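Observations on the three-dimensional arrangement
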Amino acid sequence: MKEKIRVTVWNEFLHEKKNTEIAEIYPEGIHGAIAEYLNQKPDIEARTATLEEPQHGLTDETLNNTDVLIWWGHMAHDKVSDAVVEKVYQKIMCDGIGLIVLHSAHYSKIFRRLMGTSCSLRWREDGKKERLWVVSPGHPITKGLGDYFEIEQTEMYGEFFDIPRPDELVFISWFKGGEVFRSGCCFYRGRGKIFYFRPGHETYPIYHDKTVLQVIENAVRWAAPVNRPKTLTIPKAVHVEPLEDLT
Ligand code: ZN
């Protein structure tokens, strides 16, 4: 039998504890909603981890058994320990685990570390419509989608989004207020694959939306490592003999 893709859904899990309206949208937390959806897929096995657990739930045991890490954070990026960020960074770069960065996690330490830029953007919480255009129709992350999809009520994110030029751009958003945004961005870093996906403001039921969940599922399959090494190995410059006879 084919091995399952092992996903860890990480959430800072603070809004849901502090705000009853958000808790009503996500009674099991944002991480719980995403993991529950992924666990319905026969080839995916999802677990969760949250900020207030020891090591933020990201122990060596968990990371060694994670193929794809999903990250949602907003109000407590600075509470994530640098040691955990470093460990996750090494896992992505050297070990090839995939990372899916959601919404306000554009400002997470791990995403900024990987991008090397400020990752700043424009925003406005106005509850208006977003239309996400598919700009790479053959890309695996767009499987099952049409030309575009819409989210009726959302927070606006606008350009300029201070990221390096994405290796693949999958979605561009249009907002009712006139802004546009690169909403689905793929990056290759070391052995790892990274996907930034914009939708997900906590006061709207965005992670109950079928299309949004489909994109996350597609991204899990895309970001899963190919030929993951058995142990963490930092790539080194090596002297090699030629494959052909040079004489
Ligand atoms: Zn937000």
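Up top you'll find the structure we're talking about.
Rules and cut-offs
- Residues numbered from 1 in each chain as written.
- Predicted model: local features only at pLDDT ≥ 70, side-chain atom pairs only at ≥ 80, totals over all residues.
- Heavy atoms only, no water.
- Donors = N, O, S within 2.8 Å, 3.2 Å for Na, K, Ca; no water.
- Helix = DSSP H or I, 4+ residues; strand = E, 2+ residues; numbered from the N terminus.
- Buried < 20%, exposed > 50% of the residue type's maximum accessible area, 1.4 Å probe, protein only.
- Axes fitted to C-alpha atoms, helices over the stretch in contact; angles between N-to-C directions.
- Parallel < 35°, antiparallel > 145°, perpendicular 65-115°, else oblique.
- Left-handed = near helix turned anticlockwise from the far one by under 90°.
- Contact = heavy atoms within 4.5 Å.
- Nonpolar A, V, L, I, M, F, W, Y, C, P; charged D, E, K, R; others polar.
- Core = buried A, V, L, I, M, F, W, Y, C linked by side-chain atoms within 4.5 Å.

Some words on the coordination of the zinc ion
Taken together, the protein ligands of the zinc ion are H103 (NE2), E155 (OE) and H201 (ND1), with distances of 2.0 to 2.1 Å. Here the donor residues of the zinc ion share one chain and are spaced in sequence as H-x51-E-x45-H. Remark: H201 occurs in the loop between β9 (192-197) and α7 (210-223) and E155 occurs in strand β6 (residues 148-158); sequence separation between them is 46 residues. You can call E155 buried: its relative accessible area is 5%. Take H201: its relative accessible area is 3%, and that puts it in the buried class.

A look at the packing of helix α3 (residues 29-38) against α7
Interhelical geometry of α3 versus α7 gives an angle of 70° and a closest axis separation of 10 Å. In terms of orientation, α3 lies roughly perpendicular with respect to α7. The crossing of α3 and α7 is right-handed. Together, I34, Y37 and L38 of α3 and L213, Q214, I216, E217 and V220 of α7 make up the contact between the two elements. Of the residues belonging to the contact of α3 with α7, the class tally is six nonpolar, one polar and one charged.

Quick word on the nonpolar core
Counting residues in each nonpolar core, the largest one holds 41 residues, and the members touching the most others are V7, L38, I70, F171, F195 and F197. With eight residues, α7 is the single largest residue contributor to this core. Setting aside its immediate chain neighbours within four residues, I70 contacts V7, T8, V9, W10, I34, L38, I100, L102, I216 and V220. Among the nonpolar cores identified, the runner-up in size contains 37 residues, and L69, M115, C119 and I194 belong to it.

Comments concerning the environment of G190
You can see G190 is positioned in the loop between β8 (180-189) and β9. On the basis of relative accessibility, which here comes to 62%, the residue G190 falls in the exposed class. Along the backbone, G190 and L114 are 76 residues apart, and their C-alpha atoms lie at a distance of 9.9 Å.

Some details on α3
The buried count for α3 comes to nine of ten residues, which makes it a mostly enclosed element. Within the span of α3, buried status applies to G29, I30, H31, G32, A33, I34, A35, Y37 and L38. Contacts made by the buried residues of α3 are with β1 (5-11), α1 (15-18), β2 (44-50), β3 (68-72), β4 (98-102) and α7.

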